[in-house]
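Report on the structure
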Amino acid sequence: MGNKEKFYITTAIAYTSGKPHIGNTYEIILSDAIARAKRMQGYDVFFMTGTDEHGQKIEMKAQEQGVSPKVFVDDVAGKIKNLWDLMNISYDKFIRTTDADHEKTVQKIFKKFYDQGDIYKGHYEGMYCTPCESFWTESQLVEGKCPDCGRDVKPSQEEAYFFKMSHYAKKLVRHIVAHPEFIQPVARKNEMMNNFLLADEFVGKSDEELLTAIENDSIKTKLQDLCVSRSTFKWGIPVDFDEKHVVYVWLDALNNYITGVGFDTEEPSNRYKKLWPADVHVVGKDIVRFHTIYWPIFLMALGEPLPKQVLGHPWLLQGGDKMSKSKGNVLYADDLASVFGVDSVRYYVLREMPYAADGTITWELLCERNNTDLSNILGNLVKRTLGMSNQYFDGKIVNYNVSEPVDEDLKSLVVSIKDKVINKVNEYKVADALEELWTLFRRANKYIDETEPWNINKDENKKERLSTVLYNLLESINIGANLLTPFIPETANKIFKELNVSSRNIEDLDKFGLVEEYNVTKEPQILFNRIKLPDIQHIIDDIVAKQKADNAPKIEFKEMEPITIDDFAKVQMKVGTVLQCEAVPKSKLLHSTVRVGTKTLSILSGIAKAYTPEQMVGKKVVVITNLPPREMKGLLSEGMIICAEDESGNISLLSPERDIIPDGSDIS
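Summary of the structure given here. (Residues numbered from 1 in each chain as written. Predicted model: local features only at pLDDT ≥ 70, side-chain atom pairs only at ≥ 80, totals over all residues. Heavy atoms only, no water.)

**As for empty space enclosed by the protein**
- For the structure shown, the criterion picks out one cavity of 30 Å³ or more.
- In this model, the largest cavity occupies a volume close to 50 Å³.
- Residue lining of the largest cavity: His54, Gly55, Arg230, Phe233, Trp235, Gly236, Val246, Val247, Tyr248, Val249 and Asp252, and that is the complete set.
- Elements with a minimum of two residues in the lining of the largest cavity: strand S11 (246-247) and helix H8 (249-253).
- Split into classes, the residues belonging to the lining of the largest cavity amount to six nonpolar, three polar and two charged. (1 Å grid on protein atoms, 1.4 Å probe; cavity = no way out; pocket = protein on both sides within 12 Å on 5 of 7 lines; lining within 4 Å. Points joined across faces, edges and corners; volume = space filled by probe spheres on them. Helix = DSSP H or I, 4+ residues; strand = E, 2+ residues; numbered from the N terminus. Nonpolar A, V, L, I, M, F, W, Y, C, P; charged D, E, K, R; others polar.)

Okay, here's the thing in structure tokens:
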């Protein structure tokens, strides 16, 4: 690995229950940008990601598909890896928790903990959330549901092994207080300390007060022992000395950060000795607890150093709401990239995600960022500069140093950008780094308007001044493209080809004028196309419709008592047209006037949450016409409009496939 300073970065490993959405993908794009920026600075980077492949949820999904768990996770892991590759992720290793060396080492770790008294056998009784693979006590539930994901839990009782977290709780508190950089952003640190670690009487106390309590050995914690095995399902790493049990997901998955670089309880590899401790674990804010409480304690029990930092990034919300497959509002990176391109998607998620607060993504916002920042500011700058270079000098631009005061303002800004961008990335404030970089591109565009090359060209005596102006623009673009490399690498490489240059060493990105002569391409490409939302609406509609169809709930078919054809013949169903419709006040009812052949019926239907009166007028509907009339809300209902309703309460009317079917036609 050489003698350069190492930098070991990991992402949380993706759970193989399904395809990661754009919020999950943001994490790996963020980590990739950090890794690329560190490589640019000369660090010996090792960037690891991968997949978490065990657990009850996987076992259940495999059963639903009629395949073995291994076949199921092989398929999903392959799709995740392909998605990361599509998004141009420069990982050095893709680990899977089904890898043989990982499984073997986890078994050794479990046995070590057992032998040294950190793990004991007991029984667990509590509420279990299958999607989160988490046990909860009644008092931890929020309105009777899982406090992490808000979904239903069910009672569970089973034999299990437990880890004595309390043995290490005070030591962990000491570490967190003594290393304020350990958990970032600081709000995540406060949440972990106050919600999970400190006893109530110590919540809210300053670090100085906590340190005093630690020194006096009066600190108290509320950390409970952790269930670390399961015995009610089989898809997991077997506990080799008690094969009734499999290792519980967190003791399995978290250890990937050390098994993936060669940790062993007996003789760790040279790579492990070189890389550990990790410089940063990049994880979502929802799993910070596992990475800053469970994981450090496991490492303490192993006698290994703790990671230097855990970065708990915020969520990327779809229009301010959490993504839901049933709503059809889940956004996937490959769908977005098929419309906007990979770099436009990378840029958006990196630019729009604040350091500590949640970000928002929608198709409309993607269009806006693509068109303003990428197409207008960056793309237009490159296009205009190359166009004028070819028009005025056949693409060959020399720096004659015919300078004016306006040049120095541009140059001073350009040479100052490197440190600003790199410093922000090193603080993991990537959105701020991109904002700094875009000041360069905005300033270069302004420089074009200030110097007006088209007017300089009118004076034959100012050719050297014109060449100098264009040189200054090309040099600014060149330096900017180098700094783009960690964030949108494909675009940076395109610009290098347009300028016919190679990337520079980072040490030279604060030096202006290193290229003697630019010889730019004669056929500049459009870096980013402008995209209007109406032009892609049909693509969006197709994606949403496919999602809803793929994720439609599978409603259990319930058998009823058989009927005869004569029974069925007693039900009179006919086609009708809604002539008038109005909402019934203080109810879920719509009052429709329906023409059925030569007869008009008054019908009340509980469908107001799905349809407005205006939507109903003119619709062809299927009506049961021989029900006895009944009165509701003071109105008479003389039939029933047929509709379907799923388990989530979504309603859809049944209508003839072809609109030409006349009113009064029989349904048979």
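Having put the structure on the table, let's press on.
**Some words on the packing of aromatic side chains**
- Under the defined criterion, the tally for this structure stands at 24 aromatic pairs.
- Ring geometry for Phe163 and Phe298: centres 5.3 Å apart, planes at 75 degrees, overall edge-to-face. With a gap of 135 residues between them, Phe163 in strand S7 (residues 154-163) and Phe298 in helix H11 (residues 288-302) connect regions that are remote in the sequence. With respect to class, Phe163 is no different from Phe298; both count as buried.
- A centroid spacing of 6.2 Å and a plane angle of 75 degrees characterise the contact between Trp276 and Trp295, whose relative ring orientation is edge-to-face. Pair noted here: Trp276 is in the loop between helix H10 (270-275) and strand S12 (280-284) and Trp295 is in helix H11, with a separation of 19 residues, a long-range link.
- Looking at Trp276, the relative accessible area reads 7%, which means it is buried.
- By relative accessible area, which is 0% here, Trp295 ends up buried.
- A connected cluster of aromatic rings, assembled from ring pairs, spans Tyr8, Phe46, Tyr257, Phe263, Tyr272, Trp276 and Trp295.
- It is Lys19 that lies over the ring of Tyr332; its NZ or CZ is 4.6 Å from the centre.
- A cation sits over an aromatic face here: Lys429 above Tyr355, 5.4 Å from the ring centre. (Phe/Tyr/Trp six-rings, centres within 6.5 Å; stacked < 30°, edge-to-face > 60°. Buried < 20%, exposed > 50% of the residue type's maximum accessible area, 1.4 Å probe, protein only. Lys NZ or Arg CZ within 6 Å of the ring centre and 35° of its normal.)

**Looking at the pairing of S7**
- Most of S7 is tucked away, with seven of its 10 residues classed as buried.
- Bridge count for S7 against strand S9 (residues 226-227) is two bridges, and the pairing is antiparallel. Bridge pairing in S9 links Phe162 to Cys227. (Pairing = 2+ DSSP bridges.)

**With respect to the pairing of strand S20 (residues 599-605)**
- Within S20, five of the seven residues are buried, which leaves the element mostly enclosed by the surrounding structure.
- The pairing of strand S19 (residues 590-596) with S20 spans seven bridges and is antiparallel. Looking at the pairing, Val594 lines up with Leu601 of S20.
- Connecting S19 to the next strand, S20, in antiparallel fashion are two residues, including Gly597 with a positive phi near 65 degrees.

**Notes on the sheet that holds strand S21 (residues 620-624)**
- The strand order S20-S19-S18-S21-S24 describes an open sheet built from five strands, whose pairing is antiparallel. Each edge of the open sheet is held by one strand with a lone partner, namely S20 and strand S24 (640-641).
- Alignment of strand S18 (residues 573-583) against S21, held across five bridges, turns out to be antiparallel. Bridged to Lys574 within S21 is Val623.

**Thoughts on the packing of helix H2 (residues 56-65) against helix H3 (residues 69-86)**
- The geometry of H2 relative to H3 is characterised by a closest axis approach of 8 Å and an angle of 95 degrees between their N-to-C directions. Considering their axes alone, H2 and H3 lie roughly perpendicular with respect to each other. Every residue of H3 that contacts H2 at Ile58, Lys61, Ala62 and Gln65 is listed here: Pro69, Phe72 and Val73.
- Looking at side-chain class alone, the contact of H2 with H3 contains five nonpolar, one polar and one charged residues. (Axes fitted to C-alpha atoms, helices over the stretch in contact; angles between N-to-C directions. Parallel < 35°, antiparallel > 145°, perpendicular 65-115°, else oblique. Contact = heavy atoms within 4.5 Å.)

**Considerations on the side chain of His281**
- Considering the arrangement of structural elements, one finds His281 in strand S12.
- Since its relative accessible area comes to 0%, His281 is described here as buried.
- Within the local environment of His281, its side chain forms a polar contact with the side chain of Thr10, the two groups lying 2.8 Å apart.
- Ignoring anything within four residues of it in the chain, the contact list for His281 reads Thr10, Tyr257, Trp276, Trp295, Pro307, Gln309, Val310 and Leu311. (Polar contact = N/O pair within 3.5 Å; in protein donor to acceptor, adjacent residues only side chain to side chain.)

**Section: the environment of Ala481**
- Residue placement: Ala481 occurs in helix H18 (residues 463-484).
- With relative accessibility at 0%, the residue Ala481 sits in the buried group.
- Measuring from C-alpha to C-alpha, the distance between Ala481 and Phe496 comes to 7.3 Å, with 15 residues separating the pair along the chain.

Geometric values such as these leave the question of function open.
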